[in-house]
Amino acid sequence: MAMPRKGSRRITVDGIAYRWRVRHRPTYDQAVAGAPLTYAVEQAESPGTTLVVTAEGTRPDGWFGAPSVVVTPSTVAEVVRTARSRGWTPERPGPSFHLDCSVESSPSAA
């Protein structure tokens, strides 16, 4: 399933255009710092498999002011390269590809 274009940002990594998006509002678990920030990345022109990234901190708009992480274009570019090297094929349809970048565990693909 393709992500909504509204609210997504474009980025070009190694000559390929992608779109990435952080959920507009936190889920309840994210708001109370019970779950980390997640965001999605997909190829811009012909979206196939979506990359779902679990970041290493909570959302900046959480309710309790827990240490948070901000997603920047350079972070997204690094994550796209890592996911591609671990087997993410954004041009092919299929289930979401998950990449865990949290501090508690080493980056892994599921």
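What counts, and where the lines are drawn
Residues numbered from 1 in each chain as written. Predicted model: local features only at pLDDT ≥ 70, side-chain atom pairs only at ≥ 80, totals over all residues. Heavy atoms only, no water. Helix = DSSP H or I, 4+ residues; strand = E, 2+ residues; numbered from the N terminus. Rg over C-alpha atoms; globule rule 2.2 N^0.38 Å. Buried < 20%, exposed > 50% of the residue type's maximum accessible area, 1.4 Å probe, protein only. Contact = heavy atoms within 4.5 Å. Areas by Shrake-Rupley, 256 points an atom, 1.4 Å probe, with all protein chains shown as cover. Lys, Arg positive; Asp, Glu negative; His and termini not counted. Charge placed at Lys NZ, Arg CZ, Asp CG, Glu CD. Core = buried A, V, L, I, M, F, W, Y, C linked by side-chain atoms within 4.5 Å. Phe/Tyr/Trp six-rings, centres within 6.5 Å; stacked < 30°, edge-to-face > 60°. Polar contact = N/O pair within 3.5 Å; in protein donor to acceptor, adjacent residues only side chain to side chain. Salt bridge = Lys/Arg side-chain N within 4 Å of Asp/Glu carboxyl O.

*Asks:* Looking at this structure, how should I read the overall build of the protein chain?
*Replies:* In terms of helices and strands, the protein chain carries two helices and six strands. Relative to the compact-globule value of 13 Å for 110 residues, the protein chain shows a C-alpha radius of gyration of 14 Å, a close match. Burial status across the protein chain gives 35% buried among its 110 residues. Restricting to contacts in the protein chain with at least 6 residues of sequence separation, those with at least 24 account for 52%. Total accessible area on the protein chain is roughly 6,500 Å²; 53% of this is exposed by carbon and sulfur atoms. Side chains of the protein chain give 13 positive and 10 negative charges; the mean places of these two sets differ by 8 Å.

*Asks:* I tried to follow the nonpolar core on my own but got confused; where do I start?
*Replies:* Grouped burial of nonpolar side chains is what soluble globular proteins tend to show. Tyr-39, Val-41, Leu-51, Val-76 and Trp-88 are the most contacted members of the largest nonpolar core, which has 20 residues in total. In terms of residue count, the dominant contributor to this core is helix H2 (residues 73–85) (five residues).

*Asks:* Any chance you could explain the side chain of Thr-49 here in plain terms?
*Replies:* For Thr-49, the position within the fold is in the loop between strand E3 (38–43) and strand E4 (51–54). Apart from residues lying up to four places away in sequence, Thr-49 is in contact with Trp-88, Thr-89, Pro-90, Arg-92, Pro-93, Gly-94, Pro-95, Ser-96 and Phe-97.

*Asks:* Mind showing me how you'd approach the packing of aromatic side chains here?
*Replies:* By convention here, two paired aromatic rings are described through the distance between centres and the angle between planes. Applying the stated criterion across every chain, the model contains three aromatic pairs. With a centroid separation of 5.5 Å and an interplanar angle of 75°, the aromatic rings of Tyr-28 and Trp-63 are classed as edge-to-face. With Tyr-28 in helix H1 (residues 28–31) and Trp-63 in the loop between E4 and H2, the pair connects residues that are 35 residues apart, well separated along the chain. You'll find Tyr-28 and Trp-63 in the same group, each marked exposed.

*Asks:* Teacher, can you tell me more about the environment of Ser-74 here?
*Replies:* Considering the arrangement of structural elements, one finds Ser-74 in helix H2. Measuring from C-alpha to C-alpha, the distance between Ser-74 and Ala-35 comes to 23 Å, with 39 residues separating the pair along the chain. Reaching out from Ser-74, the side chain makes a polar contact with the side chain of Thr-72 at a distance of 3.1 Å.

*Asks:* Looking at this structure, I do not really get unusual backbone geometry. What am I missing?
*Replies:* Across residues other than glycine, the phi torsion is negative in most instances, and most of the peptide bonds are trans. The backbone phi angle of Asp-14 is positive, close to 50°, even though this residue is not glycine. As for its placement among the helices and strands, Asp-14 is situated in the loop between strand E1 (9–13) and strand E2 (16–22). In the Ramachandran plot, Ala-33 falls in the positive-phi region, its phi being about 65° despite a non-glycine side chain. Within the secondary structure layout, Ala-33 lies in the loop between H1 and E3. On the accessibility criterion, Ala-33 (33% relative accessible area) is partly exposed.

*Asks:* What should I look at first to understand the pattern of salt bridges in this one?
*Replies:* Close approach of charged atoms lets side chains of opposite charge pair. Enumeration over the complete set of coordinates arrives at four salt bridges. As a salt-bridge pair, Glu-45 and Arg-10 come within 3.4 Å of each other at their nearest N and O atoms. Of this pair, Glu-45 sits in the loop between E3 and E4 while Arg-10 sits in strand E1, and the two are 35 residues apart along the sequence. For the pair Glu-45 and Arg-10, one class covers both residues: exposed. Taking the shortest distance from any N to any O, the salt bridge between Arg-19 and Glu-42 comes out at 2.4 Å. In this pair, Arg-19 is assigned in strand E2 and Glu-42 in strand E3, connecting sequence segments 23 residues apart. The residues Arg-19 and Glu-42 share a single accessibility class, namely buried.

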